[in-house]
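# Per-entry structural report
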Amino acid sequence: MEQRDKIHPFSSRLVRWLTISLFITISGISYLVYLMVSTIMTDVTCTQRMHELDYTIERINGLVNIVELAAKNHDALIEENLGNPTMLDAKLREIVVENPKLMGVGLAFIEDYYPEVGRWCELYVTRDDHGTSVEQIGSAEHDYFKSQWFQKGLKADKNDGCWSDAYYDDSGAHALLTTFSLPIHDKSGKVIAVLGADVSLSEMQQHLKEVDDWNLANNWLNKEGDPDFIKRFLTNPGYSFILQSDGTYLVHPDTKRLMKGNFYKESVLTADSLDNKLADVLQKGLRGYLGQNEDEDITLTIDGQEAYVFYGPVHHTGWSTVIVSPAIGIRIVGYIVGGMVVLVMLIGMIIALVVCHIVVRRATKPLKQLAHAAMETGDGHFDIELPSIKMHDEIRLLRDSFENMQHSLAKYIEQLKDTTASKAAMDSELRIANHIQMAMLPKVYPPYPERKDIDIFGMLTPAKAVGGDLFDFYLRDDKLFFCIGDVSGKGVPASLLMAVSRSLFRNISSYESSPEKIVSALNDAICENNDSSMFVTMFIGVLDLKSGHLRYCNAGHDAPMLIGRGVGTLTCIPNLPVGVIPDMKFVLQEDEIDRNTTIFLYTDGLNEAEDNTHAQFGMERIKALAESLLLQKQHQPERLINAMTDAVRQFVGDAERSDDLTMLAIQLKTTS
């Protein structure tokens, strides 16, 4: 008996490595988990702040979109009524009435557009306690030609418009404003006016108030003392402000900074490098947040306090919305949650270690018994008793599966013995059938070495052990009787009909010399009691070796190829295959065969041979190869068939052969 290596219990190794692994990692894993959880919670808090930023920007975008739509929805109507001042007044009033967020709406024309009004003409509509009022405020004192909102509006795209920087309007709204400008065109497409929709900065500041805790933010911003500081920074979301493209504060909780303070200039004056980076990303209109540089271990400082800043652009205005949150408020949640997770993890590790020692030893005990049974089964002892397992788990499933495998293996071995014996007998019978079938075909070449006027070569390669193709030839009265055929179907039935067809050809042609009569007799004999409805395609020819006169009859077979003066195809009437219809009349055909011409006959196993992609060898390749051999004067029967065989084998490759391959070549040679 084979000596096996000493077995080291799996349970002992598993418990030992679990213990070692847990104790090695327990000292470092707590710190790593703490860092990971605190970092994740910081990221989660930052993500929450980014959602708050998105909400804030969405509110500002909502206000911006309302203003833009208010202007864009009326520009066409204004352009249609440029010649009707009354209608212009009505449309401007309509914009203000329908959009309560607007401070006012102005329509400022280019210089001297209305000569009767003068050089300046700006209609401005404001909302008051009585509704709306319209006045013409353009004048030398209110020279709107120089204002940014008018200059940018003249150059703006008609479909997009543009927003101005903040400014104080001392003529119309008398307030801090920002204006959405939209160019107005006359019928020729020329820009002749700018429609300006004014939004008060106090309106924007009101939007920010809805998402900020302003009192708390101002307390932290102004550094006032507060005994509840810990409580404040845990709940403080920070404060928000909006910057214009040049860094000027558009909205800020400290109103003293509006239109005066400039964040970009302030950042240059501080030693903090992170606020310079913040200024850079804001100028580029990017979205994200900035708070800590781990490489330099520094935190962004805003107004003297460490903070995280969350920023994003406002829809095509050039503005940036910024949320400032105290750094400690961002990190404290991560510190607390990380500490709690580490504590729970340490306790869990200790409990898991104790439980593992107990459970692993009990759970793996049946595995040793199953391993022993598996080795015995491998030695052929299929009746070895398996351990009894009460638990309904994977080990129980393994035990039951192993038992089923024992029974299946025993049954399979018996079946395999019977199948092997049957297959061996069948293979032996097929080999004998193949030998018998091949023995019926001509196999000695050259078949008539004493004759100098004829050269013949044939080959049959069955797709299976036995095949349904046939070919035959013999000499009688200086005439060569030959045939080639292809039985429908494959395997043993086809081989039987092939043998019958070959025998009938020999018997009938021994007393009958006319090919069409030979085919007719063959057809009647095969049709009789043909319950399986099988048939044979055949070509039968009789070649007079002295004159070269060929008489032939084709029964549904591929027409032979003539290779001599050139490469062509023998003219053939297809007729029906043998065995289809009894008493069928077949047509005799005749032709003259020149000396040194090779008659090449084949079955469809040649032209329909397929490669792995199911592409066929085809007649074009057959003809091309025949022409090449003829050009080299290598079209002798044996060389021709060997060349065709090699070409088919190379084309098919390792694809499974699906049909028998049969070829017969006859060359009428020059006797002199």
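As the structure is a computational prediction, the values presented were derived from the model and not from experiment.

### Describing the sheet that holds strand β25 (residues 661-668)
The strand order across the open sheet built from five strands is β16-β25-β24-β21-β22, with neighbouring strands paired in antiparallel fashion. Looking along the sheet, the strands with just one partner apiece sit at the ends: β16 (454-461) and β22 (567-569). Averaged over all neighbouring strand pairs, the angle between strand axes comes to 20 degrees, with direction disregarded. Where strand β21 (residues 561-563) and β22 come together, three bridges link them in antiparallel fashion. Looking across to β22, one finds that leucine 562 is bridged to glycine 568. Sitting on the sheet, helix α15 (residues 618-631) is in contact with β21, β22 and β24 (597-602), with an inclination near 20 degrees to β21.

### Topic: the packing of aromatic side chains
Under the defined criterion, the tally for this structure stands at 24 aromatic pairs. Look at phenylalanine 109 and tyrosine 114: their rings are 4.8 Å apart centre to centre, the planes differ by 70 degrees, and that puts the pair in the edge-to-face class. Residue classification places tyrosine 114 among the buried residues on the basis of a relative accessible area of 14%. Between phenylalanine 241 and tyrosine 249, the aromatic rings sit 5.4 Å apart at their centres with planes inclined by 70 degrees, giving edge-to-face as the arrangement. Comparing phenylalanine 241 with tyrosine 249, the two get one shared label, buried. Site record: aromatic cluster; members linked through ring pairs are Trp120, Tyr144, Phe145, Trp149 and Phe150.

### Observations regarding the packing of α15 against helix α16 (residues 637-652)
Look at α15 against α16: their axes get within 11 Å of each other, and the N-to-C directions meet at 135 degrees. Here α15 is positioned oblique relative to α16, judged by the angle of their axes. α16 is crossed by α15, and the crossing has right-handed handedness. Taken together, the residues of α16 that come into contact with α15 (itself represented by Arg621, Ile622, Leu625, Ala626 and Leu629) are Leu640, Ala643, Met644, Ala647 and Phe651.

### Side note on the confidence of the model for the protein chain
For the protein chain, the average pLDDT comes to 81, and 85% of its residues sit at 70 or higher. Of the regions scoring below 50 in pLDDT, residues 213-225 engages in 28 contacts with residues more than four places distant in sequence or in other chains.

### Some points on the nonpolar core
Judged by nonpolar contacts, the single largest core of 51 residues is most densely connected at Ile78, Leu92, Leu107, Phe109 and Leu195. Among the elements that make up this core, the one with the highest residue count is helix α1 (residues 10-80) (seven residues). What leucine 92 contacts, discounting residues up to four positions off in sequence, is Ile78, Val105, Leu107, Leu123, Val125 and Leu195. Membership of the second largest hydrophobic core comes to 47 residues, among which are Tyr448, Met538, Leu545 and Phe586.

### Considerations on the sheet that holds strand β18 (residues 479-487)
Strand order in the open sheet formed by five strands is β17-β18-β19-β20-β23, and the pairing between neighbours is antiparallel. Only two strands of the sheet have a single partner each, and these edge strands are β17 (469-476) and β23 (589-592). Strand after strand, the sheet turns through a mean of 15 degrees between neighbouring axes, direction not considered. Of the strand pairs in this sheet, strand β20 (residues 549-555) and β23 are connected by four bridges, and their pairing is antiparallel. Bridging from a neighbouring strand, leucine 550 pairs with aspartate 591 of β23. Helix-sheet contacts for helix α12 (residues 491-509) involve β17, β18 and β19 (536-544), and the interaxial angle to β17 is about 15 degrees.

### Structural notes on unusual backbone geometry
With an omega of -5 degrees, the peptide bond between tyrosine 445 and proline 446 qualifies as cis. With respect to the element layout, proline 446 can be found in the loop between α11 (394-439) and β16. A positive phi is found at aspartate 477, a non-glycine position, where the angle reads about 60 degrees. Note that aspartate 477 resides in the loop between β17 and β18. On the basis of relative accessibility, which here comes to 59%, the residue aspartate 477 falls in the exposed class. In this structure, aspartate 583 takes a positive phi of about 60 degrees despite not being glycine. Following the sequence through the fold, aspartate 583 ends up in the loop between β22 and β23.

### Observations regarding the side chain of serine 200
Summarising the element assignment, serine 200 is placed in strand β7 (residues 191-200). Overall, serine 200 belongs to the buried group, its relative accessible area being 8%. Other than its neighbours up to four places away in sequence, serine 200 contacts Met103, Leu176 and Leu177.

### A few points about the side chain of aspartate 75
Structurally, aspartate 75 is set in helix α1. If near-sequence neighbours (up to four positions away) are discounted, aspartate 75 is found in contact with Lys158, Leu182 and Ile184.

What counts and what doesn't
- Residues numbered from 1 in each chain as written.
- Predicted model: local features only at pLDDT ≥ 70, side-chain atom pairs only at ≥ 80, totals over all residues.
- Heavy atoms only, no water.
- Pairing = 2+ DSSP bridges.
- Helix = DSSP H or I, 4+ residues; strand = E, 2+ residues; numbered from the N terminus.
- Axes fitted to C-alpha atoms, helices over the stretch in contact; angles between N-to-C directions.
- Contact = heavy atoms within 4.5 Å.
- Phe/Tyr/Trp six-rings, centres within 6.5 Å; stacked < 30°, edge-to-face > 60°.
- Buried < 20%, exposed > 50% of the residue type's maximum accessible area, 1.4 Å probe, protein only.
- Parallel < 35°, antiparallel > 145°, perpendicular 65-115°, else oblique.
- Left-handed = near helix turned anticlockwise from the far one by under 90°.
- pLDDT = per-residue confidence, 0-100.
- Core = buried A, V, L, I, M, F, W, Y, C linked by side-chain atoms within 4.5 Å.

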